Amino acid sequence: MTSQSSRDRLVSRLREQGIRHAAVLEAIAATPRHLFIDEAMSSHAYENTSLPIGLGQTISQPYIVARMSEALLGAADRLDKVLEIGTGSGYQAAVLSLLCQRVFTVERIEPLLRQARRRFHSLGLHNVFTRYADGQNGWLSQAPFDGIMVTAACPEVPEALLQQLAVGARLIAPVNALRRLDQASVQELLVITRSEDGFERQQLEDVSFVPLLPGLA
Ligand code: SAH
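Definitions and limits used
- Note that residues are indexed from 1 along each chain, following the sequence as it is written.
- Given that the model is predicted, a residue must reach a pLDDT of at least 70 before its local features are reported, and side-chain atom pairs must reach 80 or more before they are shown or counted; all residues, however, enter totals for whole chains, interfaces and linings.
- The basis for every side-chain value is the complete set of heavy atoms in the structure, and neither hydrogens nor water enter the calculation.
- Note: two strands are recorded as paired if DSSP finds a minimum of 2 bridges between them.
- Under the DSSP-based scheme used, a helix requires at least four consecutive residues in state H or I and a strand at least two consecutive residues in state E, with every element numbered from the N terminus.
- Helix axes use the C-alpha atoms of the stretch in contact, all axes being lines fitted to C-alpha atoms, and the angles between their N-to-C directions lie in the range 0 to 180 degrees.
- For this analysis, residues touch if any pair of their heavy atoms sits within 4.5 Å.
- Just so you know how the angles are binned, under 35 degrees is roughly parallel, over 145 roughly antiparallel, 65 to 115 roughly perpendicular, and the rest oblique.
- Helix crossings get a hand from a simple test, with the near helix turned counterclockwise from the far one by less than a right angle marking a left-handed crossing and a clockwise turn marking a right-handed one.
- Note on residue classes: Ala, Val, Leu, Ile, Met, Phe, Trp, Tyr, Cys and Pro are nonpolar, Asp, Glu, Lys and Arg are charged, and everything else, Gly too, is polar.

*Asks:* Help me out: how do you make sense of the sheet that holds strand β8 (residues 187-195) in this one?
*Replies:* Within a beta sheet, neighbouring strands are joined by backbone hydrogen bonds and run either parallel or antiparallel to one another. Spatial strand order, β5-β4-β3-β6-β7-β8-β9: seven strands in an open sheet with mixed pairing. Lying at the two open borders of the sheet, with one neighbouring strand each, are β5 (128-132) and β9 (198-207). Across this sheet, the average inter-strand angle for adjacent strands is 15°, counted without regard to direction. Where strand β7 (residues 165-176) meets β8, seven bridges bridge the pair, whose relative direction is antiparallel. Counterpart to V175 in the pairing with β8 is E188. Those strands touched by helix α3 (residues 62-73) are β3 (79-85), β6 (145-150), β7, β8 and β9, and its axis lies near 155° from that of β6.

*Asks:* Looking at this structure, how should I read the packing of helix α1 (residues 4-16) against helix α2 (residues 22-30)?
*Replies:* Relative orientation of the contacting elements α1 and α2 amounts to 150°, with a least axis distance of 8 Å. The angle between α1 and α2 places the two elements in the roughly antiparallel class. In the packing of α1 onto α2, the handedness of the crossing is right-handed. For the pair formed by α1 and α2, the contact residues are Q4, R7, D8, L10, V11, L14 and R15 on the first element and L25, I28, A29 and A30 on the second. Grouping the constituent residues of the contact of α1 with α2 by class yields seven nonpolar, one polar and three charged.

Structure follows, in structure tokens:
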């Protein structure tokens, strides 16, 4: 149930759902998702669903991880420096570590971050760098980034993150949809591309993420 064949079946399903980027599919096939969730739930690791990871947080659905990774890469095969806000279990960062030279990931809940760090260490993912902080401020000393991924829902994209995006780079974030203010759990997945003279926004699909919260926990 935690084998390579389960991961390969998951990849076939993602392909059927329209994920096309070969490097993204390879990264999902190579990342042991069962090691990012509680052992009691590991039999569900390769189902295409989000799962609880404790402290009220969730590991995203594999389809969403793949979709967001694909959107972040665009036409590129690989990126250099990427920032993720919301480390959570560490799964998305682990997938990104196979698609980028360096991944910088920020989490505001310390026990989750400690556990994610242990996973990166035991899997030998030495290109993932972590920080215990409020991710709304980004990671200024490492900016600019060639891609930024926010994995928690925000009412609007924090200005600091937009400012830390390199020209030509993309930011992916679930943003609470104005037309759905009555449904706090629905967001639009936005892709924001920075050009020489501004930011261009594109809407991907509806998603449901836990909220981006201020301060440390
Ligand atoms: N990417 C994660 C899933 C994210 S769940 C994974 O692959 O498992 C969303 C995460 O964002 C939670 O762990 C939550 O604590 C974190 N988060 C929420 N607000 C944050 C903030 N301001 N800064 C950093 N992390 C934040």
